[in-house]
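Reading the structure
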Amino acid sequence: MSVASSLGGQAGGGEVAGGLMGRAAPETSSVATSTTAGPELVQLLTPEGERVSHPDYALDLTAEDYRSLYRDLVLVRRVDVEATALQRQGELGIWAALLGQEAAQVGSGRALLPGDYAFPTYREHGVAYCKGVDPLKLLGLFRGVSHAGWDPHDHNFGLYTIVIGSQTLHATGYAMGIQKDGTEDAVIAYFGDGATSQGDVNEAFVFATVFNAPVVFFCQNNQWAISEPLERQTRIPLYQRARGFGFPGVRVDGNDVLAVLAVTRAALRNAREGNGPTFIEAFTYRMGAHTTSDDPTRYRLASDLETWKLKDPLERMKAYLVRSGMADAAFFAGVEVDADALAAHVRKGCIEMPDPDPLSIFDGVYAEPTALLAEERARFAAYLSSFADGPQADADSAAATAGGR
Amino acid sequence: MAPTTLAKAVNMGLRKAMESDPKVLVMGEDVGKLGGVFRVTDGLQKDFGEARVIDTPLAESGIVGTAIGLALRGYRPVCEIQFDGFVYPAYDQIVSQLAKMHYRSQGTTPLPVTIRIPFGGGIGAVEHHSESPEAYFAHTAGLKVVACSNPVDAYFMIRQAVVADDPVIFFEPKRRYWEKAELDESATPPPLHSATVVRPGDDLTVLAYGPMVRTALEAAAAAAAADEGRSLEVIDLRTLSPLDLVPVLESVRRTGRCVVVHEAPVFLGMGSELAARITEACFYSLEAPVLRVGGFDTPYPPSRLEEAYLPDLDRVLDAVDHAFAF
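Described in the following lines is the structure provided in the data block.

Calculation criteria
- Residues numbered from 1 in each chain as written.
- Chains lettered and ligands numbered in written order.
- Predicted model: local features only at pLDDT ≥ 70, side-chain atom pairs only at ≥ 80, totals over all residues.
- Heavy atoms only, no water.
- Axes fitted to C-alpha atoms, helices over the stretch in contact; angles between N-to-C directions.
- Helix = DSSP H or I, 4+ residues; strand = E, 2+ residues; numbered from the N terminus.
- Parallel < 35°, antiparallel > 145°, perpendicular 65-115°, else oblique.
- Left-handed = near helix turned anticlockwise from the far one by under 90°.
- Contact = heavy atoms within 4.5 Å.
- Nonpolar A, V, L, I, M, F, W, Y, C, P; charged D, E, K, R; others polar.
- Pairing = 2+ DSSP bridges.
- Phe/Tyr/Trp six-rings, centres within 6.5 Å; stacked < 30°, edge-to-face > 60°.
- Buried < 20%, exposed > 50% of the residue type's maximum accessible area, 1.4 Å probe, protein only.
- Lys NZ or Arg CZ within 6 Å of the ring centre and 35° of its normal.
- Buried area = accessible area lost by both parts, 1.4 Å probe.
- Salt bridge = Lys/Arg side-chain N within 4 Å of Asp/Glu carboxyl O.
- Polar contact = N/O pair within 3.5 Å; in protein donor to acceptor, adjacent residues only side chain to side chain.

As for the packing of helix α9 (residues 246-255) of chain B against helix α10 (residues 270-282) of chain B
Residue and element names in this part refer to chain B. Two elements in contact, α9 and α10, have axes separated by 10 Å at closest approach and are oriented at 60 degrees. Put simply, α9 runs oblique to α10. Relative to α10, the crossing made by α9 is right-handed. Along its contact with α9, which presents Val248, Leu249, Val252 and Arg253, the element α10 presents Arg277, Ile278, Ala281 and Cys282. A breakdown of the residues in the contact of α9 with α10 according to their chemical character gives six nonpolar, no polar and two charged.

Observations concerning the sheet that holds strand β4 (residues 76-80) of chain B
Residues and elements named next belong to chain B. Taken together, the seven strands give an open sheet; going across it, the order is β3-β2-β4-β5-β7-β6-β12, and neighbouring strands pair in mixed fashion. For this open sheet the edge positions go to β3 (53-55) and β12 (239-241), each flanked by a neighbour on one side alone. Neighbour-to-neighbour, the strand axes of the sheet open up by a mean angle of 20 degrees, direction not taken into account. Inspection of the sheet shows strand β5 (residues 114-119) paired to strand β7 (residues 168-173) by six bridges, in the parallel sense. Within β7, the residue paired with Arg116 across the bridge is Phe170. Together, β2 (24-28), β3, β4, β5 and β7 form the strand contacts of helix α1 (residues 6-20), whose direction differs from that of β2 by roughly 135 degrees. Relative to β7, helix α7 (residues 151-163) is tilted by about 165 degrees, and along the sheet it contacts β2, β4, β5, β6 (144-147) and β7.

A few points about the environment of Ala282 of chain A
Residue and element names in this part refer to chain A. Position of Ala282 relative to the elements: it lies in strand β7 (residues 278-283). Taking C-alpha positions, Ala282 is 51 Å from Leu384, a pair spaced 102 residues apart along the chain. Setting aside its immediate chain neighbours within four residues, Ala282 contacts Ala104, Phe218, Cys219, Gln220, Asn221, Val252 and Gly254.

Comments concerning the packing of helix α4 (residues 63-88) of chain A against helix α5 (residues 102-111) of chain A
Residue and element names in this part refer to chain A. Running from N to C, α4 and α5 cross one another at 130 degrees; their axes reach a closest spacing of 10 Å. Relative to α5, the element α4 is oriented oblique. The handedness of the crossing between α4 and α5 is right-handed. Contacts from Asp65, Ser68, Leu69, Asp72, Leu73, Val76 and Arg77 of α4 reach α5 at Glu102, Ala103, Val106 and Arg110.

Considerations on the packing of aromatic side chains
Going through the model one piece at a time under the given rule, you end up with 42 aromatic pairs over all chains. Both rings, one in Phe283 of chain A and one in Trp308 of chain A, keep their centres 6.0 Å apart while their planes meet at 35 degrees; by these two values the pair is tilted. Taken as a pair, Phe283 of chain A in strand β7 and Trp308 of chain A in helix α13 (residues 302-309) lie far apart in primary sequence, 25 residues in all. Taken individually, Phe283 of chain A and Trp308 of chain A each receive the classification buried, so the pair is uniform in this respect. Measuring from centroid to centroid gives 6.2 Å for Phe380 of chain A and Tyr383 of chain A, while their planes differ by 20 degrees, and the two rings are stacked. Taken together, the residues span about one helical turn, with Phe380 of chain A and Tyr383 of chain A both in helix α16 (residues 371-385) at a distance of three residues. Look at Tyr383 of chain A and you get partly exposed, because its relative accessible area is 46%. Taken together, Phe191, Phe205, Phe217, Phe245, Phe247 and Phe279 of chain A form an aromatic cluster joined through their ring pairs. The ring of Trp308 of chain A carries the charged tip of Lys311 of chain A above its face, separated from the ring centre by 4.2 Å. The ring of Tyr75 of chain B has Lys23 of chain B lying over it, and the distance from NZ or CZ to the ring centre is 4.4 Å.

Focus: the interface of chain B and chain A
Opposite the 47 residues of chain B that make contact, chain A presents 41 residues. Considering only the side of chain B, the residues that lose the most area to chain A are Arg73, Tyr103 and Arg104 of chain B, jointly responsible for 21% of the buried surface there. Across the chain B-chain A interface, the total number found is three salt bridges. One salt bridge in this structure joins Arg73 of chain B and Asp185 of chain A, with 3.6 Å as the shortest N-O distance. Taken together, the links from chain B to chain A amount to 21 residue pairs in polar contact (both at pLDDT 80 or more).

Without other data, these values stay purely geometric and don't point to any function.
This is the structure:
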């Protein structure tokens with residue numbers, strides 16, 4: 001069953017508001033500040049690893065599917081742990097950890113077809129992995145050697161976007177383009193709970209709904225916008241925001257990779273079928289700091305962390321695989337070997353990543369180069385070469401280490 | 001060849017661009033059925049359909065943000081910002097996203113988006129309808145910024161802007177929308193990013209763009225007719241980023257004097273950059289400092305005061321006198 005039909009109708013129809021109101025909406029005056037997970041949370045795998053069903057979201061997977069989902073969760077977490085360590089060792093300037101959000105990212109990322117385009121924030125390392133982006137490309141950004149090292153069109157994975165919420169408009173415009181092309185691709189826009197306060201995100205909802213664009217708005221509600229709790233962004237559950245814009249919203253257990261996969265697939269299918277956008281609120285928790293520069297002990301309780309540890313996305317999947325007999329000790333050992341290999345690749349590649357040539361500052365500013373910038377570049381080159389053992393000499397040796405450029 | 005207004009010339013240029021490339025889209029507030037508040041997009045939706053001429057929701061950041069997404073999908077959007085003073089809600093998308101995405105992508109991702117902005121005062125409008133925000137955009141690497149001053153340039157420059165692979169901020173002098181000129185569509189235009197000498201002269205170089213080109217030309221005619229009989233060379237800059245300094249420097253080296261004219265406030269305006277570059281390149285040729293004539297360093301005043309605020313023929317000639325007094 002599609003997201004729209006499960007929530008009472010298609011976007012744009014009068015049924016949407018009525019259906020949603022009938023299902024989940026209290027009177028405005030009683031909405032208050034209930035922003036926590038409630039009975040409406042879609043779940044297919046409990047924190048204890050018990051497989052449950054949901055009337056609206058069937059999910060038919062093979063044993064191999066289940067195993068590979070678990071494998072992806074482990075690998076993505078391993079990249080994250082390794083990157084955090086590399087930052088602590090001075091190899092990265094900063095790292096934005098995804099710890100705790102693996103299921104939200106792998107579940108939604110695995111729901112995407114190759115032609116589907118993802119527009120990330122700066123924390124979608126798991127989605128990048130699902131889209132085939134080498135984690136080293138992500139590390140390049142956090143090391144400071146590039147602003148983004150991948151060609152977005154190679155992977156249908158957009159550039160990391162640091163200004164909060166901007167990419168939701170890009171996603172919507174891209175989806176409008178798909179509509180004009182008449183293809184059956186869809187778009188997914190990632191953002192967080194804090195971003196829902198941004199004007200751009202609200203404008204994206206307006207554009208997406210009035211043009212009925214094939215875009216899924218995937219909000220990872222990790223409860224924290226750096227130090228600000230969800231209550232500083234909203235007084236209703238975030239997924240209910242969609243109702244006011246006239247499109248369906250659904251809240252899914254963001255630590256349940258199966259539920260996220262099923263809900264995202266349904267939303268993407270709905271978009272492909274011409275039924276417009278869906279808002280997915282993946283209810284999760286940022287287990288780590290906002291970034292390696294942050295100190296969450298200043299603003300949140302350790303006990304919250306303990307509560308959420310019990311809902312860990314990897315542990316529940318592992319428990320299910322063991323209990324169901326779909327995976328044995330050899331499988332888990334093999335996953336660890338793969339994770340070790342990926343971590344080694346990330347570590348070695350990061351440490352060996354050369355600093356760019358100083359003159360590359362001038363590269364790629366324009367598609368059609370300008371004489372003024374060429375002049376500035378030439379002057380800077382002359383300046384650098386005026387140092388016998390100066391910056392240019394260093395850059396030359398760095399370039400030589402990297403195999404020249 | 002019939003005389004064509006500047007507004008109509010932009011319209012014809014957009015039409016030509018849309019005929020030449022099915023990926024060209026026009027989007028903005030009221031650009032469809034209404035044809036835009038200045039009628040610049042008149043008739044385009046009727047001929048090209050609602051899928052290509054899009055009446056957008058009333059949200060400028062949304063217009064530019066979705067245009068970026070459309071460009072990533074392979075389209076060439078031409079956004080209309082209804083008035084200069086309404087561009088600021090889109091400023092973040094323009095400066096942080098549109099201008100930087102090609103650089104961010106290490107040159108793999110061009111964003112061929114044109115943003116048309118009717119700019120400048122002189123039409124007796126209420127607040128936010130008469131501004132000259134070009135310096136904000138010229139200051140931002142990754143954007144290209146141009147301003148047309150007459151119907152012929154308007155026609156060719158909009159076509160050139162649309163086919164360019166870089167984002168172009170395209171300023172249209174709204175108080176000149178109804179001025180007419182003979183337009184020969186088969187003519188060969190100069191490159192988009194080139195300045196042109198629109199009146200040759202020997203004694204002083206006047207630099208202007210957009211609505212001030214006509215003012216500069218009127219000042220040059222008056223200076224020639226006056227007792228001193230001064231011969232002013234007028235250059236229409238046309239491109240504000242990148243600047244085309246070649247004809248400018250050649251001219252100033254010859255005349256030894258230069259006055260820059262724009263409606264925008266002089267503090268950190270285009271004139272500041274031009275004065276600095278001309279001084280550096282022509283130091284030994286200059287008989288006087290480069291002088292700037294512009295709006296005052298105030299917000300744009302109520303329209304009953306705009307005649308006093310805006311540079312006119314007399315204020316240009318006053319600056320010319322000062323340049324000769326050094």
